[in-house]
Amino acid sequence: MNVSETNRISFIDKSVKLRKVKDVEELNELIAQCREQNKPFSCLDLSDVDLKNLNMTCLDIENVIFNTFDVKESEYKQIYNVCFKGARLHNVSFAQCQLVRCNFDKWELTLKEQP
């Protein structure tokens, strides 16, 4: 566990350089690029982005911080209606998050989805 100068804790290896994403538009562009180029969605810090109504299905997500644990902050970040269906998660931090209506199912047809 790494503690930075800001008293924030992260479980991502300190040697990994994370790119700070500023807003939802930039995040959606990165998701589209990863899909188009068939590359992992990786090495990102999404702690300042409002994460709502996103489609992250079938992404290979690694070394991504969705939020950091701040010992001075008592409120939880709410991640709302994000679909991770079929996504592979590796070294991902949802510290101090409240996940509301998020889907982490396997990429298989459910009975409702079958023809």
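Residues numbered from 1 in each chain as written. Predicted model: local features only at pLDDT ≥ 70, side-chain atom pairs only at ≥ 80, totals over all residues. Heavy atoms only, no water.

Re the overall build of the chain
For clarity, the cut-off: To qualify as a helix, a DSSP run of H or I must reach at least 4 residues; to qualify as a strand, a run of E must reach at least 2; elements of each kind are numbered from the N terminus. Each residue is assigned to one of three classes by its accessible area relative to the maximum for its type, calculated with a 1.4 Å probe on protein chains only: buried under 20%, partly exposed between the two thresholds, exposed over 50%. By the convention used here, residues are in contact when the closest approach between their heavy atoms is within 4.5 Å.
In terms of helices and strands, the chain carries 1 helix and 10 strands. Mapped from its N terminus to its C terminus, the chain presents α and β elements in the order β-β-β-α-β-β-β-β-β-β-β. Across the 115 residues that make up the chain, the buried fraction comes to 34%. Expressed as a percentage of contacts within the chain between residues at least 6 apart in sequence, the contacts between residues at least 24 apart total 53%.

Quick notes on unusual backbone geometry
The backbone of Cys-43 sits at a positive phi, close to 55°, despite the residue not being glycine. Along the chain, the position of Cys-43 falls in strand E4 (residues 41–45).

Observations regarding the pattern of salt bridges
Pairing between side chains of opposite charge can happen when their charged atoms approach one another. Test applied: The term salt bridge refers to a side-chain nitrogen of Lys or Arg lying within 4 Å of a carboxyl oxygen of Asp or Glu.
Across all of its chains, the model carries 5 salt bridges by this definition. Between Glu-26 and Arg-19 there is a salt bridge, and its shortest N-O distance comes to 2.8 Å. Among the residues examined, Glu-26 registers a relative accessible area of 15% and is labelled buried. Asp-50 is the partner of Lys-52 in a salt bridge, and the nearest nitrogen-oxygen pair spans 3.9 Å. On the basis of relative accessibility, which here comes to 38%, the residue Lys-52 falls in the partly exposed class. Its relative accessible area of 44% is what places Asp-50 among the partly exposed residues. Here the salt bridges do not stand alone but share partners, grouping Lys-20, Asp-45 and Asp-48 into one network.

Quick notes on the sheet that holds E4
As a reminder, the rule being used: The rule for pairing is simple: two strands pair if DSSP sees at least two bridges between them. Axis definition: a line fitted to C-alpha atoms, over the contacting stretch in the case of helices. Angles run 0 to 180 degrees between N-to-C directions.
Taken together, 4 strands build an open sheet; the order of strands is E3-E4-E6-E9 and the sheet is parallel. Every other strand in the sheet has two partners, leaving strand E3 (19–20) and strand E9 (88–94) as the edge strands with one partner each. Note that E4 and strand E6 (residues 60–67) share 4 bridges and pair parallel. In the strand pairing of E6, Phe-41 is matched with Ile-61. Packing against the sheet, helix H1 (residues 24–37) makes contact with E3 and E4, and its axis sits at approximately 165° to E4.

Regarding the sheet that holds strand E10 (residues 97–100)
What the 3 strands build is an open sheet, ordered E5-E8-E10; its pairing is parallel. Both outer strands of the open sheet, strand E5 (52–55) and E10, are each paired with one neighbouring strand and no more. Neighbour-to-neighbour, the strand axes of the sheet open up by a mean angle of 35°, direction not taken into account. The sheet contact formed by strand E8 (residues 77–83) and E10 spans 4 bridges and is parallel. Directly across from Ile-79, in E10, lies its bridge partner Leu-99.

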